[in-house]
Amino acid sequence: MKKISMFFVMALVFISATAFAGGYQVRLEGNKQTGMGLIGAPLQFGVSSMFYNPGALSFMKGKFGFDLGGSGIFANVTFEKYESDYIARTDNPVGTPFYFYVAGKVSKNIAVGFAIYTPYGSAEKWNSNWALKYLIQNISLQAVYFQPTVSIKMGDKFGIGAGLVFVSGSVDMNRALNYSGNSGVHLNGKAHSFGFNVGAHYKASDQWSVGVTYRSRINMDIKNGDATFHVPDALSAMIPATNHFSSSLPLPSNLDIGVAYRVTKKVLLAAELDWVRWSVYDSLSFKFKTNPQLLNSISPRLYKDNWIPRIGVQYKVSDKLLLRAGAYYETSPANKDYFSPETVTLNTFAYTLGVSYLPVKGLSIDASFIQLFGQNSKMNYLPANAVGYYKTNTVVPGLGISYHF
Amino acid sequence: MKKYTKIIYLLITLFFVASCKPTVDNFTPGAGSANFTSYVAVGNSLTAGYANGALYISGQKYGWANILAQQMKKVGMKGEFKIPYMPTEDGVGASEGSGLPTFRTKFVLGYSKDCLGNTSLAPVPSNPKATQIELWKEISTSVAANGPYNNLGIPGIKVTDLFGPGLAYRNPYFGRIAYSPADTLLNYAAKVHPTFFSLWIGNNDVLGYAASGGVGGAITPMAGAVGVGFKASIDAAVKYLVSLTGEGVIADIPDITSIPYFNTIPYDPIVLNQTQAGQLNAAYAKYNGAMKLMGLPYRIEFKAGANPMVISDPSMPLPDSLSYLKIRQIKSDELVMLELPTDSLKCAYWGTQKPVPDQYVLTESEIQKVKQATSSYNAEMLSLAKKYNLAFVDFNSILKNIEHGGLTVDGVHFTTKFITGNLFSLDGVHLTPQGNAVVANYFIDAINKQYGAHIPKVNISDYPPVKMP
């Protein structure tokens with residue numbers, strides 16, 4: 001338990017990612033899968049299946065296993081203002097999503113486990129005096145998922161699994177206000193919520209396997225967040241310095257469908273299609289306890305669902321060395337007319353690389369590397385008339401260790 | 001193991017190669033077919049950077065002409081855009097309205113107590129202790145030696161003043177930069193060897209009239225020779241500036257009845273209860289009877305709630321012997337000036353027992369004259385822009401659009417409202433720094449369009465909002 005609480009603290013301090021993928025989703029929950037284009041649903045990569053496909057957990061090797069790892073997200077966002085030579089760049093902190101899985105077989109066909117992972121997060125840190133400071137100065141969104149899981153194998157080929165998800169999250173943001181004396185507002189809130197993760201895995205033959213996973217939508221409902229306003233004294237009666245707010249941020253549902261094909265003993269190919277129901281992110285609203293008539297806001301986001309096609313390959317060099325590669329393309333779920341610089345999500349192409357080194361039987365050291373190219377896009381946030389070009393470049397090295405016996 | 005070290009090295013190298021900052025390059029500044037080597041800005045207080053009721057250092061710095069000039073530096077402007085800075089940050093301004101101007105320092109937002117003892121946030125002088133003599137000394141000290149200046153925005157000038165000899169005597173803001181009393185504003189403009197000019201003028205040709213409630217000053221007529229009529233004067237001015245530079249931008253004038261100076265105090269600020277209304281109606285019964293007798297439509301009637309003010313209107317069709325009857329209630333479409341002393345409404349029975357003097361009100365017929373002059377001036381300026389292939393900014397349409405729908409840029413919302421509208425400073429006539437930035441961007445738009453130039457626009461959020469205590 002001590003270990004878990006330590007992770008919990010680490011999570012609140014560190015995890016965050018940006019310019020990484022669609023919206024504020026971060027799908028880095030296993031370095032083996034990450035190396036293969038972030039594909040997971042049709043694969044049996046041990047205990048990390050608890051995130052990618054709980055149905056595949058029952059296919060785990062050995063009686064007991066764990067998998068632990070993380071990544072560093074180095075994201076660079078460049079903004080060029082429309083009809084201007086003004087350029088702004090983020091100074092984002094390094095995002096550090098992580099995962100920890102532990103599972104064991106309670107019988108031949110039943111495996112149970114516990115997972116901690118961070119599938120959503122975002123951090124954008126713009127200069128506090130940048131051109132769009134009245135939209136956002138910096139934001140950090142964090143969500144840690146805790147998931148007890150059970151997986152049952154029905155016969156040799158078919159496995160199903162389900163996990164109950166408890167989410168602990170927080171949001172912290174700063175925005176400038178157009179009043180004199182460096183006015184601004186700082187919002188900080190915590191949210192706790194529940195959801196689920198279910199999957200089915202079918203190993204049709206020695207060559208073919210398929211998988212389907214569904215992770216439910218979870219709303220991060222902030223009930224009593226802290227708002228701190230810094231405004232001139234003349235306005236302090238209207239805008240009190242301390243206030244409380246409520247808000248809700250949806251973490252959308254995902255449907256992953258994948259297929260894997262073992263071409264030879266050495267070569268494994270996989271493809272996956274992920275559907276993310278971003279359309280639930282319709283608007284972002286803040287409701288304040290004191291003086292709501294003046295302070296409440298609803299900002300349209302109008303995200304749309306997106307489909308992400310992925311391909312990946314694994315090559316077994318020897319019993320001790322595995323190499324992986326993959327690629328995917330993700331269309332931005334954001335609406336180009338309601339594009340807020342708090343979440344810079346662009347049409348993105350990515351390639352992935354991975355390697356596993358197995359010094360002794362059961363032990364695997366897994367490294368991965370991703371580079372993402374967010375394509376130069378002209379975006380506007382219509383309600384603020386804030387037009388500019390955004391481009392991102394992100395690299396994500398990752399390292400993990402897994403063991404089973 | 002060697003194999004794995006190699007892979008790790010490969011990954012590390014890849015990381016450093018890959019983790020560069022992305023470059024975006026969608027905009028390259030350029031002058032197009034224009035030559036921005038030396039820019040001269042000719043105009044009135046708006047061009048000078050006058051704000052909050054005065055000309056002062058930071059206001060001059062945040063003036064749109066200086067904002068535009070700083071952007072022109074990126075497309076070929078050489079040297080400095082010279083501004084005749086005032087000696088102080090309190091600055092010197094002259095009161096609007098009729099009669100001899102009184103000097104004052106700029107306004108700041110502060111707390112002031114009204115005659116009823118209520119404290120509220122209002123524009124107050126930044127230095128109430130400054131004497132007329134001190135202010136006169138500040139404004140009349142010559143800075144000609146540091147010239148010639150590129151910013152030739154001279155507060156208070158009309159189109160007819162551009163070629164006017166003796167302007168240095170009549171206008172201290174020009175007097176302080178002129179080399180000799182014989183200098184005219186336009187001859188002075190030649191001294192900076194301009195290659196590009198801006199001319200934004202005409203506001204005072206109507207504002208001087210309007211801001212005095214039609215009492216002092218006259219609207220500059222369209223007809224008449226240079227120095228008398230608007231048409232001949234602006235034609236000659238543009239022709240002269242084109243002869244100096246070849247290229248430039250002119251801007252038309254907004255309908256000044258849209259600005260907060262005329263739209264902040266409502267026509268019906270008199271709040272009464274039933275008893276008070278009854279007493280006033282009894283007192284005005286004779287007035288109403290007399291009007292009825294003379295077959296005139298004027299009636300003065302009060303009710304419980306908000307009531308229109310009683311104003312004096314010398315244009316009412318009554319013989320001079322009955323001039324004490326030349327009073328009436330203001331109509332809902334007539335405009336009250338920001339400089340109306342509201343304490344007189346609250347404590348000295350103005351608007352009820354005593355009429356509000358004509359100089360604080362723009363009546364229907366006066367508004368009509370202002371609008372007519374504005375549209376004639378603007379038509380002439382547009383035709384000059386076409387004739388000489390100059391860039392043209394249609395501020396009349398721009399301000400109308402802002403009046404009707406507001407304007408949002410970079411998350412800053414602009415309206416024509418006083419103080420909260422972000423556009424107009426505390427005098428209700430001149431611009432805030434953010435308002436100046438918006439105006440500079442409109443000039444940039446027009447220049448870019450006319451000359452195929454790429455002058456970069458400025459960020460509105462780089463400019464400070466209205467300062468609050």
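This write-up is about the structure you can find in this document. These numbers come from a predicted model, not from an experiment. (Residues numbered from 1 in each chain as written. Chains lettered and ligands numbered in written order. Predicted model: local features only at pLDDT ≥ 70, side-chain atom pairs only at ≥ 80, totals over all residues. Heavy atoms only, no water.)

**Remarks on the interface of chain B and chain A**
At the junction of the two partners, chain B supplies 41 residues and chain A supplies 48 residues. Summed over both sides, the interface of chain B with chain A buries roughly 3600 Å², with 58% coming from carbon and sulfur. With a closest N to O distance of 3.3 Å, Lys74(B) and Asp85(A) form a salt bridge. The interface formed by chain B and chain A includes 18 residue pairs in polar contact (both at pLDDT 80 or more). Elements represented by at least two residues in the side of chain B that touches chain A include exactly helix H1 (2-18), strand E16 (407-409) and helix H16 (433-451) of chain B. By residue number, the principal contributor to the side of chain B that touches chain A is H1(B), which donates 7 residues. When grouped by side-chain class, the residues that make up the side of chain B that touches chain A number 23 nonpolar, 9 polar and 9 charged. (Contact = heavy atoms within 4.5 Å. Buried area = accessible area lost by both parts, 1.4 Å probe. Salt bridge = Lys/Arg side-chain N within 4 Å of Asp/Glu carboxyl O. Polar contact = N/O pair within 3.5 Å; in protein donor to acceptor, adjacent residues only side chain to side chain. Helix = DSSP H or I, 4+ residues; strand = E, 2+ residues; numbered from the N terminus. Nonpolar A, V, L, I, M, F, W, Y, C, P; charged D, E, K, R; others polar.)

**Quick notes on the environment of Ile460(B)**
Residue and element names in this part refer to chain B. As for its placement among the helices and strands, Ile-460 is situated in the segment after H16. Spatially, the C-alpha atom of Ile-460 lies 5.8 Å from that of Gln-434, the residues being 26 residues apart in sequence. Not counting chain neighbours up to four residues away, the residues in contact with Ile-460 comprise Val-409, Asp-410, Val-412, Phe-414, Gln-434, Ala-437, Val-438 and Asn-441.

**Some details on the layout of surface pockets**
All names here are of chain A. Roughly 1200 Å³ of volume is contained in the second largest pocket. Looking at the second largest pocket, it is lined by 44 residues, and the ones nearest its centre are Gln-44, Phe-45, Lys-61, Arg-262 and Gln-314. Residue assignment for the lining of the second largest pocket shows that the elements contributing at least two residues are strand E1 (64-71), strand E9 (208-215), strand E12 (254-262), strand E16 (306-318), strand E17 (321-330), strand E19 (363-381) and strand E20 (386-404). Counted by class, the lining of the second largest pocket contains 17 nonpolar, 14 polar and 13 charged residues. (1 Å grid on protein atoms, 1.4 Å probe; cavity = no way out; pocket = protein on both sides within 12 Å on 5 of 7 lines; lining within 4 Å. Points joined across faces, edges and corners; volume = space filled by probe spheres on them.)

**With respect to empty space enclosed by the protein**
Any empty space left between atoms is shown by rolling a water-sized probe over those atoms. Applying the stated criterion across every chain, the model contains 7 cavities of 30 Å³ or more. What lines the largest cavity is a set of 22 residues, among which Leu46(B), Trp200(B), Pro254(B), Phe424(B) and Leu431(B) lie closest to the centre. Looking at the lining of the largest cavity, the elements with two or more residues in it are helix H2 (45-48), helix H9 (203-210), helix H15 (395-405) and H16 of chain B. The leading source of residues in the lining of the largest cavity is H15(B), at 4 residues. The class makeup of the residues in the lining of the largest cavity is 17 nonpolar, 5 polar and no charged. Each pocket or cavity is described by its volume, and for the second largest cavity that value is around 160 Å³. Ile139(A), Leu141(A), Val171(A), Leu249(A) and Leu284(A) are the residues nearest the centre of the second largest cavity, which is lined by 17 residues in total. Counting residues per element, the ones that place at least two in the lining of the second largest cavity are strand E6 (138-154), strand E7 (158-176), strand E10 (218-230), strand E11 (242-251) and strand E14 (283-288) of chain A. Top contributing element to the lining of the second largest cavity by residue count: E11(A), with 4 residues. Its residues placed into classes, the lining of the second largest cavity shows 12 nonpolar, 4 polar and 1 charged.

**So, the pattern of salt bridges**
The tally for this structure, following the rule as stated, stands at 25 salt bridges over all chains. Glu89(B) is paired through a salt bridge with Lys106(B); the nearest N and O atoms lie 3.2 Å apart. You can see Glu89(B) sitting in the loop between helix H4 (64-72) and strand E2 (93-94) and its partner Lys106(B) sitting in the loop between strand E3 (103-104) and strand E4 (107-113), a full 17 residues away along the chain. We classify Lys106(B) as buried; its relative accessible area is 10%. One salt-bridge network, held together by shared partners, links Arg27(A), Arg215(A), Asp256(A), Glu272(A), Asp274(A) and Arg310(A). (Buried < 20%, exposed > 50% of the residue type's maximum accessible area, 1.4 Å probe, protein only.)

**A look at the state of the cysteines**
Residue and element names in this part refer to chain B. Applying the stated criterion across every chain, the model contains 1 disulfide over all chains. Between the sulfur atoms of Cys-115 and its disulfide mate Cys-347 the distance is 1.9 Å. The sign of the 85 degrees torsion about the S-S bond sets the Cys-115-Cys-347 disulfide as right-handed. On the criterion of sequence distance, the pair formed by Cys-115 in the loop between E4 and strand E5 (119-125) and Cys-347 in helix H13 (residues 342-347) is long-range, its members being 232 residues apart. When its relative accessible area of 35% is taken as the criterion, Cys-115 is described as partly exposed. (Disulfide = S-S within 2.5 Å.)

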